[in-house]
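Okay, here's what each chain looks like letter by letter:
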Amino acid sequence: SGKNKCLLYGELFTTYDEVIENIKSRTNSTEGISSVSGDILIPGSTTTVARDLAVASALNEENVLLGGDINILRKKGDFYDSNFLAYYLTHYKKDEIGKLGQGTTIVHLYGRNIKDLEVVIPKNIKEQQKIAEILGTVDEDIAKTQEVIEATEKLKRGLMQQLFTRGIGHTKFKE
């Protein structure tokens, strides 16, 4: 409930997908690293398997305070679309990123290792943007479908409660 937007390490696993639309967390702190529009964020560690670290999220917003244990890929030019690259890294390079993780109980992914990752993407940034737009639209459709499934499951639970306790056409439950 603070005055500044912030993004916490764990939220990269639990709250956000490839493109971060709305920042959920807030803080009153002003210390730390602030985002630059177009940053790509990748978690720095996990207690599961290294492949789970291949979760890249594009943050297209300025001045969001970034929590610790986050690898930040920051643009040095305008040769790629951040949304496209987040999808590409999360889905196409997942296995390769997973192989970069180090450790057993706690697996770490270091920025110096990500630097060595070979990335081959379309030169045309408009094509990258169109690909990211298509994938974003599919994600929106998946989210809407999931909402319908959840509402239908809730309806089913209510119906089962009523049917199992009252039956059909009875004014009173019969044992």
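In case you missed it, the structure is sitting above this.
Note that the structure is a prediction, hence the values are computed from the model and not measured. (Residues numbered from 1 in each chain as written. Predicted model: local features only at pLDDT ≥ 70, side-chain atom pairs only at ≥ 80, totals over all residues. Heavy atoms only, no water.)

The next point concerns helix H5 (residues 125-166). Residues lying three or four places apart along an α-helix face the same way, a consequence of the helix completing one turn every 3.6 residues. The first and last C-alpha atoms of H5 sit 61 Å apart over 42 residues, in line with the 62 Å expected at 1.5 Å per residue. Those residues of H5 that fall on the buried side of the exposure criterion are Gln128, Ala132 and Gly136. For H5, the elements touching its buried residues are helix H2 (82-92). At the C-terminal side of H5, glycine 167 shows a positive phi close to 75 degrees. (Helix = DSSP H or I, 4+ residues; strand = E, 2+ residues; numbered from the N terminus. Expected span 1.5 Å × (residues − 1). Buried < 20%, exposed > 50% of the residue type's maximum accessible area, 1.4 Å probe, protein only. Contact = heavy atoms within 4.5 Å.)

This next bit is on the sheet that holds strand S1 (residues 4-7). If you walk across this open sheet you meet the four strands as S3-S1-S8-S4, and the pairing is mixed. For this open sheet the edge positions go to strand S3 (25-27) and strand S4 (33-34), each flanked by a neighbour on one side alone. Both S1 and strand S8 (residues 65-66) contribute to a ladder of two bridges, which runs parallel. The residue bridging cysteine 6 from the neighbouring strand is leucine 65, located in S8. (Pairing = 2+ DSSP bridges.)

The next point concerns the environment of leucine 7. Relative to the helices and strands, leucine 7 is located in strand S1. A C-alpha to C-alpha distance of 9.9 Å links leucine 7 and leucine 41, two positions 34 residues apart in sequence. Excluding residues within four positions of it along the chain, leucine 7 makes contact with Leu12, Tyr16, Ile20, Ile23, Leu41, Val64, Leu65, Leu66, Gly67 and Ile70.

What follows deals with the packing of H2 against H5. The N-to-C vectors of H2 and H5 enclose an angle of 65 degrees; their axes lie 8 Å apart at closest approach. Judged by the sense of rotation from one axis to the other, the crossing of H2 with H5 is left-handed. Only Gln128, Ile131, Ala132, Leu135, Gly136 and Asp139 of H5 make contact with H2, whose side of the interface consists of Asn83, Phe84 and Tyr87. For the contact of H2 with H5, the residue count by class is five nonpolar, three polar and one charged. (Axes fitted to C-alpha atoms, helices over the stretch in contact; angles between N-to-C directions. Left-handed = near helix turned anticlockwise from the far one by under 90°. Nonpolar A, V, L, I, M, F, W, Y, C, P; charged D, E, K, R; others polar.)

Secondary-structure assignment places serine 35 in the loop between S4 and strand S5 (39-43). Given a relative accessible area of 2%, serine 35 falls into the buried group.

Okay, the pattern of salt bridges next. Per the stated rule, a full pass over the model turns up six salt bridges. Between arginine 51 and aspartate 95 there is a salt bridge, with its nearest N and O atoms 2.6 Å apart. With a gap of 44 residues between them, arginine 51 in the loop between strand S6 (45-46) and strand S7 (57-59) and aspartate 95 in helix H3 (residues 94-99) connect regions that are remote in the sequence. You can call arginine 51 partly exposed: its relative accessible area is 41%. The residue lysine 75 makes a salt bridge to aspartate 78 at a minimum N-O spacing of 3.8 Å. A relative accessible area of 64% places aspartate 78 in the exposed class. (Salt bridge = Lys/Arg side-chain N within 4 Å of Asp/Glu carboxyl O.)

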